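A closer look at the structure
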Amino acid sequence: MPGPADRTDVPPKDPLACTECGASSRERQYARTPERRTCEHCLLDARKRLGGLEEDPYELFVESLAEALDLRERETGLHSKRVATHTLLLAAHHYTDVKDLREVYWGSLLHDIGKIGVPDAVLLKPGRLTDEEWRIMRLHPANGHLILEKLPFLAMAADIVLCHEECYDGSGYPAGLKGEEIPLAARLFAVVDTLDAMTFDRPYRKALPFDTAKAEIQRMAGSQFDPLAVDTFLAEETALREMVTLAFPPGR
Ligand SMILES: [Fe+2]
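Note that the structure is a prediction, hence the values are computed from the model and not measured. (Residues numbered from 1 in each chain as written. Predicted model: local features only at pLDDT ≥ 70, side-chain atom pairs only at ≥ 80, totals over all residues. Heavy atoms only, no water.)

**Points about the overall build of the protein**
Within the protein one finds 12 helices and 2 strands. Helices and strands in the protein line up, N terminus first, as β-β-α-α-α-α-α-α-α-α-α-α-α-α. Contacts in the protein between residues at least 24 apart in sequence constitute 58% of all its contacts with a sequence separation of at least 6. For the protein, the computed accessible surface area is about 13300 Å², with 57% contributed by carbon and sulfur atoms. (Helix = DSSP H or I, 4+ residues; strand = E, 2+ residues; numbered from the N terminus. Contact = heavy atoms within 4.5 Å. Areas by Shrake-Rupley, 256 points an atom, 1.4 Å probe, with all protein chains shown as cover.)

**A few points about the packing of aromatic side chains**
Across all of its chains, the model carries 2 aromatic pairs by this definition. Each ring, one from W106 and one from F153, has its centre 6.4 Å from the other, and the planes form 75°; the classification is edge-to-face. Here W106 is found in helix α4 (residues 98-109), whereas its partner F153 is found in the loop between α7 (140-148) and α8 (155-163), with 47 residues between them in sequence. The class for W106 is buried, based on a relative accessible area of 7%. Their ring planes at 20° and their centres at 6.1 Å tell us that F210 and F233 sit as a pair that is stacked. Linking F210 in helix α10 (residues 210-219) with F233 in helix α11 (residues 227-235), this pair joins segments that are 23 residues apart in sequence. (Phe/Tyr/Trp six-rings, centres within 6.5 Å; stacked < 30°, edge-to-face > 60°. Buried < 20%, exposed > 50% of the residue type's maximum accessible area, 1.4 Å probe, protein only.)

**Let's talk about the packing of α4 against α8**
Contact pair α4 / α8: the axes reach a minimum separation of 8 Å and the direction vectors enclose 40°. For α4 against α8, the interelement crossing comes out right-handed. Here α4 contributes D100, E103, V104, W106, G107 and S108 to the contact with α8, which in turn contributes A155, M156, A157, I160 and V161. The residue inventory of the contact of α4 with α8, partitioned by class, reads 7 nonpolar, 2 polar and 2 charged. (Axes fitted to C-alpha atoms, helices over the stretch in contact; angles between N-to-C directions. Left-handed = near helix turned anticlockwise from the far one by under 90°. Nonpolar A, V, L, I, M, F, W, Y, C, P; charged D, E, K, R; others polar.)

**Description of the coordination of the iron ion**
Coordination of the iron ion by the protein involves D112 (OD), H140 (NE2), H164 (NE2) and E165 (OE), with metal-donor separations of 2.1 to 2.3 Å. For the iron ion, the 4 donor atoms in the first shell make angles of 85 to 171° at the metal, so the coordination geometry reads as irregular. Considered as a linear motif, the donors of the iron ion on their single chain read D-x27-H-x23-H-E. Of this pair, D112 sits in the loop between α4 and α5 (120-123) while E165 sits in the loop between α8 and α9 (184-199), and the two are 53 residues apart along the sequence. Exposure remark for D112: the relative accessible area of 12% places this residue in the buried category. On the basis of relative accessible area, E165 is assigned to the partly exposed category, the value being 23%. (Donors = N, O, S within 2.8 Å, 3.2 Å for Na, K, Ca; no water. Tetrahedral: all angles 85-135°; square planar, octahedral: opposite > 155°, others 65-115°.)

**Topic: the side chain of S80**
Among the structural elements, S80 can be located in helix α3 (residues 79-91). If we ignore the near neighbours within four places in the chain, the residues touching S80 are A66, D70, S108, L109 and H111.

**Points about the packing of α7 against α8**
Across the interface, α7 lies against α8 with an axial gap of 7 Å and an inter-helix angle of 165°. Accordingly, the angle class assigned to the pair α7 and α8 is roughly antiparallel. Of the two elements, α7 crosses α8, and the hand of that crossing is right-handed. On α8, the residues that touch P141, A142, G144, H145 and L148 of α7 are A157, A158, D159, V161 and L162. Looking at the contact of α7 with α8 residue by residue, the class counts come to 7 nonpolar, 2 polar and 1 charged. (Parallel < 35°, antiparallel > 145°, perpendicular 65-115°, else oblique.)

**Digging into α10**
Within α10, burial applies to F210, A213, K214 and I217. What you see down the axis of α10 is that its buried residues fit within an arc of 100°, all on one side. (Arc of directions from axis to C-beta.)

**Details of α3**
An α-helical turn contains 3.6 residues, so any two residues separated by three or four positions project in the same direction. With 13 residues, α3 ought to run about 18 Å at 1.5 Å a step, and its terminal C-alpha atoms sit 18 Å apart, in line with that. Taken across its 13 residues, α3 has 13 buried, putting it largely inside the fold. (Expected span 1.5 Å × (residues − 1).)

**Focus on the pattern of salt bridges**
On inspection of all chains with the given rule, the structure shows 15 salt bridges. Across the salt bridge formed by D112 and K115, the nearest N and O atoms sit 3.2 Å from each other. Comparing D112 with K115, the two get one shared label, buried. Linking E237 and K214 is a salt bridge whose minimum nitrogen-to-oxygen distance equals 3.2 Å. Of the two residues, E237 is situated in helix α12 (residues 237-247) and K214 in helix α10; the sequence distance between them amounts to 23 residues. The exposure class assigned to E237 is buried, which follows from its relative accessible area of 16%. (Salt bridge = Lys/Arg side-chain N within 4 Å of Asp/Glu carboxyl O.)

Given below as structure tokens:
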């Protein structure tokens, strides 16, 4: 009978494990220094606290719910938390009340909660959507709003969910709102969501470099995006670039 010193079933220590929480390859690893590595969860949590939000049990539950929604659509769980954290970075330029910042975070985190009502055949369809499938897909902001509007302490978050697919020039949906008719937080979110969509891998293409996404966002200032939101994005360029570049270092 082998003694403890002879055991071979203990997994070797993972040299790439997150130095904060110990997570190994389950999460994308961010190299911070040669000695210290941080997983995406821990990096996002640190960013969130910089934005003025402390952890609370409700928030952890809502983050888990958002992660479950992401897993269904994207096979990875951190898209919503990433865009919520980054929207919070931008929102800190415009909102000072912690209650408002919390609602910005929750609204961004749950922006696509209405997709829970979109059938897999539409949500996960690899090719182009038909007109009828688009009609179904475009119901998700209003359905998300319906889910959140029952919670009186989340009125502002519900408005972000309702307006997160609106465009500054009125070409978005569901209402075709224009300019300042769209809540500021939703205008900030739109820029961050596009950055995330372009700089992270999608099933149909590899991630694009940060500078490609930046050029596209600047090109769309005044049409798809509020110029004020683009200016705020540029003010946080260093932090956002670091996040994207650490996730996908050149030559990976
Ligand atoms: Fe959406």
